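Here is what each chain is made of, one letter per residue.
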Amino acid sequence: MPLNGNPLQYQDVQSILPHRFPCLLVDRILPAGTSISEGRLSAIKNITANEPTFWTGHHQTTVFPGILMVEALAQSTGLLAHYFLGPLSEGEHYYFASIQRARFYRSAQPGDQLRMDVAFVRQRSGIARFSGMATVNGRRICTAEFMCARK
């Protein structure tokens, strides 16, 4: 297992994903809840008030946009694909083919720690399917399904 019982830090995530601040939305991969051999990965995103992405809606409450929660889940899926399906060869990339069944249940706000749990579902014809759920303090915030292709 690539984690060896220790969390992967921000720098480790940067070595795998091509995203950089402010677009990198995974702060750490957690060993608890992560089992690469079973196709599961848990990661966190610390939501801070000074991020340039906040939206104040009609209730004058500052919330983390739902689309960025889906992106955080997608990036977590990319990390799981890297470990579960194998590292990419030179010039190879994972491409997201679709995001399906995205559902939003609550909002996330500054000070929250968003936990993303993603799991491998199946692979057919070079396209892999994953499912993901984001929670804050154990309460479901967002769920979605992802498909990605390796080319």
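Small disclaimer: the values here were computed from a predicted structure and weren't measured. (Residues numbered from 1 in each chain as written. Predicted model: local features only at pLDDT ≥ 70, side-chain atom pairs only at ≥ 80, totals over all residues. Heavy atoms only, no water.)

Engineer: Sorry if this is basic, but what is going on with helix α2 (residues 66-84) here?
Structural biologist: Along an α-helix, residues three or four apart share an orientation, since each turn contains 3.6 residues. Here α2 spans 27 Å end to end across 19 residues, near enough to the 27 Å set by a 1.5 Å rise per residue. One or two residues past the end of α2 sits G86, with phi positive at roughly 105°. (Helix = DSSP H or I, 4+ residues; strand = E, 2+ residues; numbered from the N terminus. Expected span 1.5 Å × (residues − 1).)

Engineer: I keep staring at the sheet that holds strand β2 (residues 40-46) and nothing clicks. Help me out?
Structural biologist: Neighbouring strands of a sheet are bound in pairs by backbone hydrogen bonds; such pairs are parallel or else antiparallel. The antiparallel open sheet is built from six strands, whose spatial order is β1-β2-β6-β7-β8-β5. In this open sheet, the two strands that pair with only one neighbour each are β1 (28-35) and β5 (94-104). Ignoring strand direction, the axes of neighbouring strands in this sheet form an average angle of 25°. Note that strand β6 (residues 113-124) and strand β7 (residues 127-136) share ten bridges and pair antiparallel. Bridge pairing links M116 to A134 in β7. In this fold α2 packs onto β1, β2, β5, β6, β7 and β8 (139-150), with an angle of close to 55° to the strand it touches most, β6. (Pairing = 2+ DSSP bridges. Axes fitted to C-alpha atoms, helices over the stretch in contact; angles between N-to-C directions. Contact = heavy atoms within 4.5 Å.)

Engineer: I tried to follow the packing of aromatic side chains on my own but got confused; where do I start?
Structural biologist: The geometry of an aromatic ring pair comes down to the distance between the two centres and the angle between the two planes. As enumerated under the stated definition, the model contains three aromatic pairs in all. Ring geometry for F96 versus F146: centroids 6.0 Å apart, planes at 65°, classification edge-to-face. Residue F96 is located in strand β5, and its partner F146 is located in strand β8; the two are separated by 50 residues in the primary sequence. The partly exposed category is assigned to F96, whose relative accessible area is 39%. For F146, a relative accessible area of 1% translates into the label buried. Measuring from centroid to centroid gives 5.7 Å for F120 and F130, while their planes differ by 75°, and the two rings are edge-to-face. With F120 in strand β6 and F130 in strand β7, this residue pair connects regions lying ten residues apart in the sequence. For F120, a relative accessible area of 22% puts it in the partly exposed group. (Phe/Tyr/Trp six-rings, centres within 6.5 Å; stacked < 30°, edge-to-face > 60°. Buried < 20%, exposed > 50% of the residue type's maximum accessible area, 1.4 Å probe, protein only.)

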